[in-house]
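Architecture and fold: a report
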Amino acid sequence: GKGVIVDSGTTDTYLHKSIAAPFEAVWKKVTGNKYSNAPVKMTEEELLKLPTVLIQLEGAGNDVNLQGDGIAVGLAGQIDPANPADAILAVPATNYMEYSPSKDTYTPRIYFTETAGGVIGANAMQGHNVIFDWERGRVGFAESTCEYLDENPGPDDGEDGPASADCRLGTPSLSVSCSDSADLSRCDAGGSAAASTEPLSGLEFWTRVVKSPGTPQGASCEDVSLAENAANGGGKMEVNCDGRGVCREVRPCAISCANAMAHGSGGGTGSAGAGLSPVGSCGAVTWSACDYTCTQTRVNSVLMNDGKCHEERAEETTRECHVQACGRSDPCRVPFVVHVILRIRGAVAGSWNRHAEEVFAAAFADAVNRKKRGKSKFFGEGDVLVLNASPWRAGDDSAIAPAPGEEDEELGMQLVVEVSLFNHMAEIPPIIADPTGENGRQVPLATCHERDVQPLAAAALNVHRRLKEKNFVSAVVGLMKRSDDIGERRQSPFYYTFEDPKLARESFTVTSWTIKTDIGGDGEDGLAGLDMSLREVQLDLLFMTLMAVATGYLGWNLRSWLLRRARLVQKAAAKYTKLGPTRNKQARDDDDSVMAIADAYGNGHGGGDDESTADGSTATLLRRGAGRPTDATSQGSIGSISAYLAKTGSR
């Protein structure tokens, strides 16, 4: 039959039913209880006493280095001397017993129901690094703590402490020079400073782009800026990082009248003074990192003849983003993250840089969104993050792998891309004015409704469909080639792909998958968000209850009205059908109006009261309305409309 699959998308583990009996026998022997998938109540101490389930997987080879005692970590070794290279997947009770907080019960989530093959689900994979070597058809398992360890732990991090990454800042650009802020009126011919060497005091404003916001456990951007200033021998300085990917440094300065007059003033707008002229570039103009306000900034700077980079404030722009500091850590802002692996033939990974990443991100977003605009887009350019750019070699593809001894040819570049799907309906909390306090740079979590998140699941599916289209990567290459921001094409890592259309057509999407984000942190902010969500649920339930009561009340009244209406119609129909034979009988008071109508109709059509011409009967009226002649056999009561239709329909 089919083999066993390893699927992180399946929560539980499903094994072949043929091993149910031996497993249950061993379980009974070890625990004293019968194995069942029914929920049970137990303490945490009892949970930890349950056995660890070992799943033996056939090894890919027998090249195993056993220790002196015959033990190989993660392998069968002496457990199965005939197959020492088999992998042993250990699943502790804390993984296969699912806890229900609402019922305070544990449910075993290993099932023996499969008639062919099986599924090793997420509960068995938990606590392991799992490597899918799809080129060679292998899967690797290694036990893991599932915690990222920084190679250079900070002073507050132990050997196994939390992940820590400091903020990284770009090169400072002068926004407001000393001559811009100094009082140049003192340098007039009559001023006191003009006739002396007394310097003018002022302030310099410097702008620094945030290249990486770091993590809450690392040094903040303000701390990094102050530390670098002190290390460079700088004096007193104030710094403010606005959470939009930019830090502003304010430094006291002094300048002589001669220098101030020579440099001129830019009017405090960030433009270079009249005495300065551009002599070069300060590097490619790129966007800052996505900061905690979900905003990033692009700053344009020009190298002037004073040796400093001067910012062109008029060209400073911002845009929304939902990656890095504003990404999957907030599941209401970004409920889903799509990952995709692309291979671009002819691209050179060694030439990859930040500018190339931005050109790619813009083309990638356009290729997926096509003609969508505004909030109808699946995502924006600021929602695309390239996690890795590495060489794509022939050895990475089993179909074209080199023979032993041959050079592993570089075919192109492989990109691992992360795309955030932003929830526009999320209720965003106000931004903390000082994000460097006790709680670090963490921002309060947004709140949302499940009904707002569900459409994004459909959007993720549509994104996958676009990514799987045959010419998708070729379309991305074409958009990059036509981009106005590509710059010098020969310096682009995609230059050879641009020049040879065949290389673009040989580029493709390897795979893609979606991750539903989870609340990553804990503490008061997370609890506050949970409390708010519970209150909203209670309000929703109250609203739904009131609507149900109102709907029930209206439905009952409508039903009663319809029943009364039906009875009146039946009563009237009975009176009409019996009107012919009873018209000479004494009528009840409530029949007067019916009789009057019938008599008026009959008298008006010349029949008199002769029974042979009882034109006032309902049967006669219907026959006349249908254009049928009067029949003596039908002058009596027809009993009902259905009986009449049966009679007339047979003629």
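Figured I'd write up the structure that's included with this text. Source: prediction; values computed, not measured.

**Here we look at the packing of aromatic side chains**
Counted under the stated rule, the structure contains 16 aromatic pairs. Seen from their ring centres, Phe 23 and Trp 27 are 6.0 Å apart, and the 25° between their planes marks the pair as stacked. Here the residue Phe 23 and the residue Trp 27 both occupy positions in helix 1 (residues 20-31), the gap between them amounting to 4 residues, near one helical turn. With respect to burial, Phe 23 and Trp 27 carry one shared label: buried. Ring plane angle 35° and centroid distance 5.6 Å describe the contact between Phe 360 and Phe 364, whose orientation is recorded as tilted. Taken together, the residues span about one helical turn, with Phe 360 and Phe 364 both in helix 8 (residues 354-369) at a distance of 4 residues. Each residue in the set Trp 352, Phe 360, Phe 364, Phe 379, Phe 472, Phe 494 and Phe 498 is aromatic and connected to the rest through ring pairs, giving one cluster.

**Some points on a nonpolar patch on the surface**
Taken together, the side chains of Leu 558, Trp 561 and Leu 562 make up a nonpolar region of the molecular surface, amounting to roughly 320 Å² of accessible area. Relative to the helices and strands, Trp 561 is located in helix 13 (residues 524-577).

**Observations regarding the nonpolar core**
Membership of the largest hydrophobic core comes to 45 residues, with the highest contact counts inside it found for Phe 360, Phe 364, Phe 379 and Met 480. Counting only elements with at least two residues in this core, the list comes to strand 21 (336-345), helix 8, strand 22 (384-393), strand 23 (410-421), helix 9 (450-467) and helix 10 (472-481). Ranked by residue count, the leading element in this core is helix 8, at 9 residues.

**Quick notes on helix 1**
Spanning 12 residues, helix 1 covers 16 Å between terminal C-alpha atoms, matching the ideal 16 Å at 1.5 Å per step. Within helix 1, the full set of buried residues consists of Ala 20, Phe 23 and Trp 27. Take helix 1 and look down its axis: the buried residues cluster within an arc of 70°, on one side only. In helix 1, those exposed residues whose orientation departs by more than 90 degrees from the buried face are Ala 21, Val 26 and Lys 29. Among the structural elements, strand 2 (13-16), strand 3 (53-57), helix 3 (93-96) and strand 7 (110-114) are those in contact with the buried residues of helix 1. Taken from the residues just after helix 1, Gly 32 is the one with a positive phi, measuring 85°.

**Looking at the packing of helix 8 against helix 9**
With their axes 9 Å apart at the nearest point, helix 8 and helix 9 run at an angle of 105° to one another. Looking at the two axes, helix 8 sits roughly perpendicular to helix 9. For the pair helix 8 and helix 9, contact is made by Phe 364, Val 368 and Asn 369 and by Val 463, Arg 466 and Leu 467, respectively. Partitioning the contact of helix 8 with helix 9 into residue classes produces 4 nonpolar, 1 polar and 1 charged.

Criteria and cut-off values
- Residues numbered from 1 in each chain as written.
- Predicted model: local features only at pLDDT ≥ 70, side-chain atom pairs only at ≥ 80, totals over all residues.
- Heavy atoms only, no water.
- Phe/Tyr/Trp six-rings, centres within 6.5 Å; stacked < 30°, edge-to-face > 60°.
- Helix = DSSP H or I, 4+ residues; strand = E, 2+ residues; numbered from the N terminus.
- Buried < 20%, exposed > 50% of the residue type's maximum accessible area, 1.4 Å probe, protein only.
- Patch = residues over 30% accessible without salt bridge, like charges linked within 9 Å, V, L, I, M, F, W, Y side chains within 5 Å.
- Areas by Shrake-Rupley, 256 points an atom, 1.4 Å probe, with all protein chains shown as cover.
- Salt bridge = Lys/Arg side-chain N within 4 Å of Asp/Glu carboxyl O.
- Core = buried A, V, L, I, M, F, W, Y, C linked by side-chain atoms within 4.5 Å.
- Expected span 1.5 Å × (residues − 1).
- Arc of directions from axis to C-beta.
- Contact = heavy atoms within 4.5 Å.
- Axes fitted to C-alpha atoms, helices over the stretch in contact; angles between N-to-C directions.
- Parallel < 35°, antiparallel > 145°, perpendicular 65-115°, else oblique.
- Nonpolar A, V, L, I, M, F, W, Y, C, P; charged D, E, K, R; others polar.

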